[in-house]
Amino acid sequence: MTLYTKTLADFDNNFIGYATLIIIGQSCLGAVAAMNILKNGTSVTQMIQLALIVVLCMLVNTSILAQMKHKVIFNLTIASVILSALLIFINAIII
């Protein structure tokens, strides 16, 4: 089994606990990304980055609240964390 498969199986078994942690964790990470984006100004580029991170974080929270399939929630969470970390890194270098 790959790391992805093992982690998804663990996520399925303990969904309620992980859902709570995901909502808190990725919302905080998205907020940090948004803060770093806005520190660089309010140009069109920053607003596009901000819109991307807000939409993706809202999708994760909505998918959990809508009780979508666990695999969809898991994949959206991974995408949200990767995008948040990438935007934090990119906007930290610009300063």
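Keep in mind the model is a prediction, meaning the values are calculated, not measured.

The rules behind each value
Residues numbered from 1 in each chain as written. Predicted model: local features only at pLDDT ≥ 70, side-chain atom pairs only at ≥ 80, totals over all residues. Heavy atoms only, no water. Helix = DSSP H or I, 4+ residues; strand = E, 2+ residues; numbered from the N terminus. Buried < 20%, exposed > 50% of the residue type's maximum accessible area, 1.4 Å probe, protein only. Axes fitted to C-alpha atoms, helices over the stretch in contact; angles between N-to-C directions. Parallel < 35°, antiparallel > 145°, perpendicular 65-115°, else oblique. Left-handed = near helix turned anticlockwise from the far one by under 90°. Contact = heavy atoms within 4.5 Å. Nonpolar A, V, L, I, M, F, W, Y, C, P; charged D, E, K, R; others polar. Patch = residues over 30% accessible without salt bridge, like charges linked within 9 Å, V, L, I, M, F, W, Y side chains within 5 Å. Areas by Shrake-Rupley, 256 points an atom, 1.4 Å probe, with all protein chains shown as cover. Salt bridge = Lys/Arg side-chain N within 4 Å of Asp/Glu carboxyl O. pLDDT = per-residue confidence, 0-100.

Asker: Where do I start with the overall build of the protein chain in this structure?
Answerer: For the protein chain, the helix and strand inventory stands at 4 helices and 0 strands. If you list the helices and strands of the protein chain from N to C, you get α-α-α-α. Reported as C-alpha extents along the three principal axes, the dimensions of the protein chain are approximately 45 × 30 × 15 Å. The buried share among the 95 residues of the protein chain stands at 33%.

Asker: What am I meant to see in the packing of helix H1 (residues 3-13) against helix H4 (residues 70-94) here?
Answerer: At a minimum axis separation of 10 Å, H1 and H4 run at an interaxial angle of 120 degrees. As far as their axial angle goes, H4 and H1 are oblique. The two elements H1 and H4 meet at a crossing, and its hand is right-handed. Side by side, H1 and H4 meet where Tyr 4, Thr 7, Leu 8, Phe 11 and Asp 12 of the first sit next to His 70, Lys 71, Ile 73, Phe 74, Asn 75 and Ile 78 of the second. Here the contact of H1 with H4 is composed, by residue class, of 6 nonpolar, 3 polar and 2 charged.

Asker: What is the right way to look at a nonpolar patch on the surface in this model?
Answerer: Together, Leu 86, Phe 89, Ile 90, Ile 93 and Ile 94 give the surface a local cluster of nonpolar side chains, amounting to about 500 Å² of exposed area. With respect to the element layout, Ile 93 can be found in helix H4. With relative accessibility at 55%, the residue Ile 93 sits in the exposed group.

Asker: I would appreciate a short explanation of the confidence of the model for the protein chain in the present structure.
Answerer: Predicted coordinates in regions of low pLDDT should not be interpreted in detail. Across the protein chain, the average pLDDT comes to 92, with 98% of residues at or above 70. Mean pLDDT values for the elements of the protein chain range from 92 in H1 up to 94 in helix H3 (residues 44-65).

Asker: Please clarify how unusual backbone geometry should be interpreted in this entry.
Answerer: Phi is mostly negative for residues that are not glycine, and the peptide bonds are mostly trans. Not every positive phi belongs to a glycine, and Gln 67 is a case in point at roughly 55 degrees. Among the secondary structure elements, Gln 67 is positioned in the loop between H3 and H4. With a relative accessible area of 68%, Gln 67 lands in the exposed category.

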